[in-house]
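One-letter residues, chain by chain:
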Amino acid sequence: MAEMFPKSSCACGVTTSTSGPMTKADHLIVRTLRPHDEEAFLELRAAIVNDGTAFAKDYQPGIAWPDYLLVQDNARAGVGLAAGAVPYTFLVADLGGVLVGSSDIRHRLTEKLTRWGGHIGYIVDPRHRQRGYGTEILRQTLCLAVGLGIRPALTCRADNAGSRGVIHACGGVVSAQTHDGICSY
Ligand SMILES: CC(C)(COP(=O)(O)OP(=O)(O)OC[C@H]1O[C@@H](n2cnc3c(N)ncnc32)[C@H](O)[C@@H]1OP(=O)(O)O)[C@@H](O)C(=O)NCCC(=O)NCCS
């Protein structure tokens, strides 16, 4: 899999509704973790966890960074997964060396993921929201998922305005909504 996917080389045809001059989001690169990322990853994790949201649940505090990169390699290959887990790719959004968010590609759906979760999850550091980063993260993640042979299915709570905005900006169309407010795209 390509390690990074700058906008200019996106070949999967996912475009956003955003047009006009270049923005900071246009400089964002969604990629896998690298050997020098530990400090930036821990800062992103702290910001998200302190905001009350779980993040990178496969990260055990104190694990040596090379070992965590190995966990990631194995997750992509489907090796040593927790019960019920499917192979996944964890990605970070790099804006000039600052990690402003992340995404996950789940390589296939289970019954549970079909109902809630879908192929892709994403999050933006609370300090960096509403600047177009979520939209750019999803756009590049969709391209990477397509590159893995996935036809991405997404879910979103109807009351999650930010996530709905991101999916709509990437051209998502609601295909179903459950009685408890989960939209499928
Ligand atoms: C959802 C989330 C990723 C959005 O990230 P973001 O960087 O703020 O999103 P963007 O700046 O790209 O915004 C995309 C659109 O949604 C709108 N939007 C974003 N947050 C919003 C909010 N809280 N309320 C209303 N609209 C919002 C933006 O105005 C924008 O609309 P536009 O395209 O018409 O301009 C972010 O709020 C987040 O990390 N939430 C917690 C995790 C989560 O819910 N993940 C999704 C479920 S897997």
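First, a word on scope: everything that follows refers to the structure included in this document. The model shown is predicted, which means the values in this text are computed figures rather than measured ones.

Looking at the overall build of the protein chain
Scanning the protein chain from N- to C-terminus turns up five helices and seven strands. Its helices and strands in sequence order give the protein chain the pattern β-α-α-β-β-α-β-α-β-α-β-β, from N to C terminus. Scored against the burial criterion, the 185 residues of the protein chain give a buried share of 43%. Long-range pairs, those at least 24 residues apart, make up 61% of the contacts in the protein chain between residues at least 6 apart in sequence. Surface accessibility of the protein chain: about 9800 Å² in total, with carbon and sulfur atoms responsible for 54%.

Here's the deal with the sheet that holds strand E7 (residues 182-184)
What links the strands of a sheet is backbone hydrogen bonding, and the strands pair in either a parallel or an antiparallel sense. Read from one edge to the other, the open sheet built from three strands follows the order E5-E7-E6, with strand pairing classed as antiparallel. Edge strands, defined here as strands with exactly one partner in the open sheet, are strand E5 (155-157) and strand E6 (176-177). Of the pairings in the sheet, the one linking E6 to E7 comprises two bridges and is antiparallel in character. When the sheet's bridge partners are listed, Ala 176 is paired in E7 with Ser 184.

A few points about the site of the ligand
Around the ligand sit 17 residues in total, of which Val 124, Gln 130, Gly 132, Thr 135 and Asn 160 are the nearest. Within the contact set of the ligand, an oxygen atom lies 3.2 Å away from a side-chain nitrogen or oxygen of Arg 129. Here Gln 130 contributes a backbone N or O atom positioned 2.6 Å from an oxygen atom of the ligand. For the ligand, the protein covers 64% of the area, taking 920 Å² as the surface of the free molecule. For the shell around the ligand, the element with the most residues is helix H5 (residues 161-169), which contributes five residues. Its residues assigned to classes, the shell around the ligand comprises six nonpolar, nine polar and two charged.

Some words on the nonpolar core
Considering soluble globular proteins, one finds that nonpolar side chains tend to be buried as a cluster. With 24 residues, the main nonpolar core has Leu 28, Val 30, Tyr 133 and Leu 138 as its most contacted residues. For this core, the secondary-structure elements that each account for two or more residues are strand E2 (88-95), strand E3 (98-106), strand E4 (120-124), helix H4 (133-147) and H5. Ranked by residues supplied to this core, first place goes to H4 with six residues. Excluding residues within four positions of it along the chain, Leu 138 makes contact with Ile 120, Tyr 122, Leu 154, Val 166, Ile 167 and Cys 170. Core analysis: the second largest hydrophobic core is formed by 15 residues, Phe 41, Tyr 59, Tyr 68 and Phe 90 among them.

What about the pairing of E4?
By the criterion of burial, E4 is predominantly enclosed, with four of the five residues buried. Relative to E4, E3 runs antiparallel, the two being bridged by five bridges. Its bridge partner being in E4, Asp 104 is matched across the sheet by Gly 121.

Overview of the state of the cysteines
Scanning all chains against the criterion turns up zero disulfides. In this structure Cys 156 is not part of a disulfide, and its nearest cysteine sulfur, from Cys 183, lies 6.2 Å away. The class for Cys 156 is buried, based on a relative accessible area of 1%. Sulfur of Cys 170: no disulfide; nearest cysteine sulfur belongs to Cys 143 and is 8.8 Å away. For Cys 170, a relative accessible area of 10% corresponds to the buried category.

Details of H5
Buried within H5 are the following residues: Ser 163, Val 166, Ile 167 and Ala 169. Buried residues of H5, seen end-on, are gathered within an arc of 165° and therefore sit on one face of the element. Turning to H5, the residues buried within the fold contact E4, H4 and E5. A positive phi of about 90° marks Gly 171, the residue just after H5.

Calculation rules
Residues numbered from 1 in each chain as written. Predicted model: local features only at pLDDT ≥ 70, side-chain atom pairs only at ≥ 80, totals over all residues. Heavy atoms only, no water. Helix = DSSP H or I, 4+ residues; strand = E, 2+ residues; numbered from the N terminus. Buried < 20%, exposed > 50% of the residue type's maximum accessible area, 1.4 Å probe, protein only. Contact = heavy atoms within 4.5 Å. Areas by Shrake-Rupley, 256 points an atom, 1.4 Å probe, with all protein chains shown as cover. Pairing = 2+ DSSP bridges. Near = heavy atom within 4 Å. Polar contact = N/O pair within 3.5 Å; in protein donor to acceptor, adjacent residues only side chain to side chain. Nonpolar A, V, L, I, M, F, W, Y, C, P; charged D, E, K, R; others polar. Core = buried A, V, L, I, M, F, W, Y, C linked by side-chain atoms within 4.5 Å. Disulfide = S-S within 2.5 Å. Arc of directions from axis to C-beta.

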